[in-house]
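Coordinate inspection notes
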Amino acid sequence: MSFLRSPSIVGTTFMINGSFHIGDKVVYPNRGVGIIEQIGNRTMGATVEKFYLLNIKSSSLKVMVPFEKVASVGLRRVVRNGEIQKIVDFLTDGECNNNSDWKYRFKENSERMGTGSLLEVAAVLKSLLLLSQSKPLSFREKKMLERARYLLVSELAVAKNCAEAHIEEMLSKALSKSSLRFPEASEFQA
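Now for a quick tour of the structure. (Residues numbered from 1 in each chain as written. Predicted model: local features only at pLDDT ≥ 70, side-chain atom pairs only at ≥ 80, totals over all residues. Heavy atoms only, no water.)

**Points about the overall build of the protein**
Looking only at helices and strands, the protein features 6 helices and 5 strands. In the protein, the succession of α and β elements from N to C terminus is β-β-β-β-α-β-α-α-α-α-α. Against the globule reference of 16 Å for 190 residues, the protein gives a C-alpha radius of gyration of 17 Å, in line with a compact fold. Looking at the protein as a whole, 44% of its 190 residues are labelled buried. (Helix = DSSP H or I, 4+ residues; strand = E, 2+ residues; numbered from the N terminus. Rg over C-alpha atoms; globule rule 2.2 N^0.38 Å. Buried < 20%, exposed > 50% of the residue type's maximum accessible area, 1.4 Å probe, protein only.)

**Details of the nonpolar core**
The biggest cluster of nonpolar side chains holds 35 residues, and the ones touching the most others in it are L91, L125, L152, L156 and L171. With sequence-adjacent residues up to four places away left out, L152 is seen in contact with I87, L118, V121, A122, L125 and L171. Formed by 13 residues, the second largest nonpolar core is a distinct cluster that contains V26, L54, I56 and L61. (Core = buried A, V, L, I, M, F, W, Y, C linked by side-chain atoms within 4.5 Å. Contact = heavy atoms within 4.5 Å.)

**Quick look at the pairing of strand 3 (residues 47–56)**
Look at any regular strand and the pattern is simple: side chains alternate between the two faces of the sheet. Of all 10 residues that make up strand 3, 7 are buried, and the element is covered over most of its length. In this structure, strand 2 (residues 32–44) lies alongside strand 3, joined through 10 bridges in antiparallel fashion. Residue pairing in the sheet places N41 in a bridge with K50 of strand 3. In this antiparallel pair of consecutive strands, strand 2 and strand 3, the connection spans 2 residues, and G45 shows a positive phi of 70°. Direction of pairing for strand 3 relative to strand 4 (residues 62–66): antiparallel, over a ladder of 5 bridges. Counted as the bridge partner of N55 is K62 from strand 4. Taking the residues that link successive antiparallel strands as the turn, the strand 3-strand 4 hairpin has 5 residues, and the phi of S60 there is positive, at about 60°. (Pairing = 2+ DSSP bridges.)

**With respect to empty space enclosed by the protein**
Throughout the structure, instances matching the rule amount to 1 cavity of 30 Å³ or more. The space that makes up the largest cavity amounts to roughly 70 Å³. As for the largest cavity, its lining consists of 13 residues, of which V27, R76, V121, L151 and E155 are closest to the centre. Elements with a minimum of two residues in the lining of the largest cavity: strand 1 (25–28), helix 4 (118–134) and helix 5 (139–160). Residue composition of the lining of the largest cavity, by class: 6 nonpolar, 4 polar and 3 charged. (1 Å grid on protein atoms, 1.4 Å probe; cavity = no way out; pocket = protein on both sides within 12 Å on 5 of 7 lines; lining within 4 Å. Points joined across faces, edges and corners; volume = space filled by probe spheres on them. Nonpolar A, V, L, I, M, F, W, Y, C, P; charged D, E, K, R; others polar.)

Okay, here's the thing in structure tokens:
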């Protein structure tokens, strides 16, 4: 079993509404939706540490998150209806700016992806789609666009308890109002 180390997110605060329970669907930033499979303890020397064991839906990756690291890694519940509407509204008519320097733009987008906020992921998706209208995306930006697309579609499908195809259609309609085309998953296949 492989475990991810918990990354630290500088300058980001997360609100946790209570604790998680076995079976809860949660989001691990930049990895996607997971299910809490176990809540346990591990002993490290004289210290006993409580942790959540997640199974990340997309990859069957097991992630161990210590209780005291939940906020710093950005572990959170799946978005709710009010947040979903904010994301759709942003994709429909929200403002997006892109740094002209590739290096800074990629750094900004990477930081956004790591925040754990689905609205920030939507901002990355929209900004990369806007950029792709004026010039081809670099390989790394194409991968980031693919990741942002996946994170949006998969979490919204879980949140709305519907098929991913329904979410893709919803996002496509929202982006079309901004004269942007939602990319098909097949466009990212090698």
